[in-house]
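# Structure at a glance
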Amino acid sequence: MSNTILKINNLKVNYGGIEAVKGISFEVKEGEIVTLIGANGAGKSSTLRTIIGREKPSSGTIEFAGENIAGMDTTSIVKKGITLVPEGRKIFPDLTVEENLKIGAYMRKDNLSQDFERVYSLFPRLKERYWQAGGTLSGGEQQMLAVGRALMSKPKLIMMDEPSLGLAPIIVRGIFEIIEAVNKEGITVLLNEQNANMALKAADKAYVMETGRITMEGTGKELLENEQIKEAYLGKSKK
Amino acid sequence: MEFFISQVLSGISLGGQYALIAIGYTMVYGILRLINFAHGDVFMVAGLFMIYLSSSLPVFVSVPLVIILTVALGFIIERAAYKPLRSAPRMSVMISAIGVSYLLQNLALYATGGQPKTYTTIPFISKTIKILGAPTRIVTVITPVLVIVLIVILTLLINHTKIGIAMRAVAKDFETSQLMGVKINSVISITFIIGSFLAAVGSLLYFTNYPTVVPLSGAMPGLKAFVAAVFGGIGSVPGAVIGAFIIGICETLIKGTDFSVFSDAFTVALLIVILGVKPTGMCGEKVTEKV
Ligand SMILES: Nc1ncnc2c1ncn2[C@@H]1O[C@H](COP(=O)(O)OP(=O)(O)O)[C@@H](O)[C@H]1O
Ligand SMILES: [Mg+2]
C-alpha cells in the first residue's frame, strides 16, 4: 500500500465575502494520478492555488508528507516539493527555453545538469529550441516547457491546472502522454481538468467539484461509467 | 578645435553621469512600472553625504561610505514607501514617490539650512590634464571608462546570473515568478540597491564638476536622466545608456554655441517630441499591461 502524500481536510477558501471553496476534504496517494474535475467556477483553481500558498485558506488543513503546510508561503512550499503548472501555462515569453527551465529550479542550490537531461529527454523538442525565446514556441511546446519548468524544482507532487485548455485535440492527447510520462518518473500528479473524459481515463482517483464542494469521488474508471457523470461531464445522455 | 574636443569630451562624460542615474529609473520602471520621482533626490542626498562625511573623514573612507549610505537609503525608501503599496493602484505609488522626493528635498533644506554646501574636492580625479591639447579634468576621462565597465558588469548580471533571470522574470510576471519560489520583494530590493549604487557613483563623478550642492541639485540631472530613459525606451537598460550619452553630448555642444541658454530646454523639448512621436522610445518594448 502506498502512503498518502497530500491530505486536505475541510479546506475553505474565501475571496472577500465569497466562499469559493466550501470545506473540501480529499487525499492523494504517493505515485498516483488524481484529478479534480468540474465546471468552470467550481473552485478547482482556488484549491490548487491554496495548496501552493498563493491563497490563504480561511480554515482547514493541508497535510503534505505529514506536515500541515496550510498558510505557509509559496517559497517554503516549493522547497518542500510541490509545484504548480498554472492555468494558461504562463511561461516567461522573453526568457529563453533554457532560462525558463533555470527559473523553475530557482529554489535549488545543487547541480542541475541531471535535471536538464531529464527534461530534455522527456521533451527533445525543448532541447532543439533551448536558445529560443519561450514566447516563440507553439501552444503545445509551451505546455511542455511549463511542465519541464515545474520538473526542474525536483517536485514530489506536481499539480497542473487545466493543461489541455485552449489546445487542439491532437495536442491534448500529447499532453496526457506527458502527464503519464511524468507520473512514470515517480512523481505524484494532481490534475485539474474540464476535459473529464481524458482526465478520468488517466486518473487513478478522481473527485468531482461543484460550486466549492466535492460531490462525488471514485476511481477514474468508476466515474467514467457513472451515469450522472456521463450526462453532466462526458456529454453522453442516458440510454 | 581644442575647444570642440574638450566640449565633446565633457559631453561624453556628462552623458555617462546621466547614464548612471538613468539606469536606476529604467530598471525600477521595468520591474514596478513606477517612475521613481525620488531618484534624482537620492542622487542629491548622495552629494550631501559626501560633503558631510569628508568634512571629518579622509576621502578614501568617505567614498565607500557614501556608496553604502546611498544604497541603504534607496533600499529603505522602497521598503517604507513603495512596498506597502504593492497591490495598490499605480497612481498611489507614484504619489508616494513624489512625496519621498519632497521629503528628501526638505530634509536636505533642513540639514543645509538653505546654504549651498561646497562639494568636496576629490584628489586625483579633480586634476587637470591635456588631451590632444585640450585641458580636461581627469574625471572627464575616467567617467566614460567607469560607466562602460559598470554597464558591462550590469549586463552580465542581468543576462547571465540567476538573480538576473529572476529580475527579468519578475519584470514580466509577478505571479508566475512567485510560483517558481522567487521572493519578489527581494528581487525588487536588489533592483533599488543597484539603482542607488549607480546613482551614488554618478553623484561622486557629477558633483566633482560643480562647486556646490543644494537641495534642488538632483532635480535637473534627475530630469535629464529620466528623459534619457524615456528616449531610450523606458524599461531598457541599453536604451537608457544610449539616450543618456546622446543627451549629455547634445547638451554640452549646445552650451558651447550662442544658444547656450536653450541647453536645458533642449532636453525637455526632446521629451515632448518622443512622447508625441514614439512614446516607447528607441529600444522600448510594446506597452503591455502587467496583471
Ligand atoms: N482572485 C479572485 N477573487 C475573487 N473571486 C475569485 C478569485 N478567483 C476565483 N474567484 C471565484 O471563485 C470561484 C472559483 O473559481 P476557480 O477556483 O477559478 O474555479 P475553477 O478553477 O474550478 O474554474 C469562482 O466563483 C470565481 O469567480
Ligand atoms: Mg480554473
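Residues numbered from 1 in each chain as written. Chains lettered and ligands numbered in written order. Predicted model: local features only at pLDDT ≥ 70, side-chain atom pairs only at ≥ 80, totals over all residues. Heavy atoms only, no water.

## Digging into the overall build of chain B
Along the backbone of chain B there are 11 helices and four strands. On C-alpha atoms alone, chain B measures out to a radius of gyration of 19 Å, which is about the 19 Å that the 2.2 N^0.38 rule sets for 291 residues. The principal-axis extents of the C-alpha atoms in chain B amount to approximately 60 × 45 × 35 Å. Scored against the burial criterion, the 291 residues of chain B give a buried share of 53%. In chain B, of all internal contacts separated by at least 6 residues, the share reaching a separation of at least 24 is 76%. (Helix = DSSP H or I, 4+ residues; strand = E, 2+ residues; numbered from the N terminus. Rg over C-alpha atoms; globule rule 2.2 N^0.38 Å. Buried < 20%, exposed > 50% of the residue type's maximum accessible area, 1.4 Å probe, protein only. Contact = heavy atoms within 4.5 Å.)

## Focus on the interface of chain A and chain B
With 23 residues of chain A at the interface, the matching set in chain B holds 19 residues. When the buried surface of chain A facing chain B is broken down by residue, R54, F92 and Y106 of chain A rank first, second and third, together holding 33% of it. The interface formed by chain A and chain B includes four salt bridges. Measuring nitrogen to oxygen at the nearest pair gives 2.9 Å for the salt bridge that ties E175 of chain B to R54 of chain A. Summed over the shared surface of chain A and chain B, the result is eight residue pairs in polar contact (both at pLDDT 80 or more). (Buried area = accessible area lost by both parts, 1.4 Å probe. Salt bridge = Lys/Arg side-chain N within 4 Å of Asp/Glu carboxyl O. Polar contact = N/O pair within 3.5 Å; in protein donor to acceptor, adjacent residues only side chain to side chain.)

## Considerations on the pattern of salt bridges
Within this structure, the stated rule accounts for 22 salt bridges over all chains. One salt bridge in this structure joins R86 of chain B and E78 of chain B, with 2.8 Å as the shortest N-O distance. Owing to a relative accessible area of 23%, R86 of chain B belongs among the partly exposed residues under this scheme. Looking at E78 of chain B, the relative accessible area reads 0%, which means it is buried. Across the pair D264 of chain B and K224 of chain B runs a salt bridge, and its minimum N-O distance is 2.8 Å. Here D264 of chain B is found in helix α11 (residues 263-277), whereas its partner K224 of chain B is found in helix α9 (residues 219-232), with 40 residues between them in sequence. Classification of D264 of chain B by relative accessible area gives partly exposed; the value is 30%. For K224 of chain B, a relative accessible area of 3% corresponds to the buried category. Sharing partners across several salt bridges, the network here consists of R49, R54 and E55 of chain A together with E175 of chain B.

## Points about the packing of helix α3 (residues 97-104) of chain A against helix α6 (residues 139-151) of chain A
Axis angle and axis distance: for two packed helices, these are the angle between their axes and the distance between the axes, and together they describe the pair. Residues and elements named next belong to chain A. Close contact between α3 and α6 brings their axes to 7 Å; oriented N to C, the two are set at 35 degrees. Between α3 and α6 lies a crossing of right-handed hand. Residues V97, N100, L101, I103 and G104 of α3 form the contact with α6, whose participating residues are L145, G148 and R149. For the contact of α3 with α6, the residue count by class is four nonpolar, three polar and one charged. (Axes fitted to C-alpha atoms, helices over the stretch in contact; angles between N-to-C directions. Left-handed = near helix turned anticlockwise from the far one by under 90°. Nonpolar A, V, L, I, M, F, W, Y, C, P; charged D, E, K, R; others polar.)

## Topic: the site of ligand 1
Residues and elements named next belong to chain A. Neighbouring ligand 1 are the residues Y15, A20, A39, N40, G41, A42, G43, K44, S45 and S46. Within the contact set of ligand 1, an oxygen atom lies 2.6 Å away from a backbone nitrogen or oxygen of G41. With respect to ligand 1, the backbone of G43 contributes an N or O atom lying 3.0 Å from an oxygen atom. Calculation on ligand 1 without its partners gives an accessible area of 560 Å², and the protein chains cover 60% of this total. Considering every element that reaches the shell around ligand 1, the biggest residue donor is helix α1 (residues 44-51), with three residues. Here the residues of the shell around ligand 1 are counted per class, giving four nonpolar, five polar and one charged. (Near = heavy atom within 4 Å. Areas by Shrake-Rupley, 256 points an atom, 1.4 Å probe, with all protein chains shown as cover.)

## Quick notes on the state of the cysteines
Residues and elements named next belong to chain B. A complete count under the given rule lists zero disulfides over all chains for this structure. Cysteine C250 shares no disulfide, and the gap to the nearest cysteine sulfur, in C283, comes to 16 Å. A residue is classified by how much of its surface remains accessible, and C283, at 37% relative accessible area, is partly exposed. (Disulfide = S-S within 2.5 Å.)

## Thoughts on the coordination of the magnesium ion (ligand 2)
Residue and element names in this part refer to chain A. Those donors, S45 (OG) and E87 (OE), are the protein atoms that reach the magnesium ion (ligand 2), and they lie 2.0 to 2.7 Å from it. With a gap of 42 residues between them, S45 in helix α1 and E87 in the loop between β6 (82-85) and α3 connect regions that are remote in the sequence. Among the residues examined, S45 registers a relative accessible area of 21% and is labelled partly exposed. When its relative accessible area of 34% is taken as the criterion, E87 is described as partly exposed. (Donors = N, O, S within 2.8 Å, 3.2 Å for Na, K, Ca; no water.)

## Overview of the pairing of strand β3 (residues 134-137) of chain B
The side chains of a regular strand alternate between both faces of the sheet. All names here are of chain B. Across the two faces of β3 the burial differs, with A134 and T136 buried and P135 and R137 not buried at all. Examined bridge by bridge, strand β2 (residues 128-131) and β3 share four bridges and lie antiparallel to one another. Each residue of the ladder has a partner; that of I131, found in β3, is A134. Hairpin geometry of β2 and β3 is characterised by an intervening segment of two residues between the two adjacent antiparallel strands and by a positive phi of about 50 degrees at L132. (Pairing = 2+ DSSP bridges.)

## Focus on the nonpolar core
By size, the foremost hydrophobic cluster in this structure holds 118 residues, and its most contacted members are L6, I51 and L190 of chain A together with Y82 of chain B. Sort the elements by how many residues they give to this core and helix α1 (residues 2-32) of chain B lands first, with 13 residues. In contact with I51 of chain A, not counting residues within four places along its chain, are L6, I8, F26, I62, I69, I77, I82, M159 and L190 of chain A. (Core = buried A, V, L, I, M, F, W, Y, C linked by side-chain atoms within 4.5 Å.)

## Examining α3 of chain A
The buried fraction of α3 of chain A is high, at six of eight residues. All buried positions along α3 of chain A are accounted for by V97, E99, N100, L101, I103 and G104 of chain A. Where the residues of α3 of chain A are buried, they touch α4 (113-122), α5 (124-128) and α6 of chain A together with α5 (138-160) and α6 (162-172) of chain B.

## A word on the packing of α1 of chain B against α5 of chain B
All names here are of chain B. At a closest axis distance of 8 Å, the pairing of α1 and α5 adopts a crossing angle of 30 degrees. One way to sum up the angle between α1 and α5 is to call them roughly parallel. As for the relative orientation of α1 and α5, their crossing is left-handed in sense. Taking contact as the criterion, the partners of L9, S10, I12, S13, G16, Q17, A19, L20, I23 and M27 in α1 are, on α5, V139, T140, T143, P144, V147, L150, I151, L154 and I158. (Parallel < 35°, antiparallel > 145°, perpendicular 65-115°, else oblique.)

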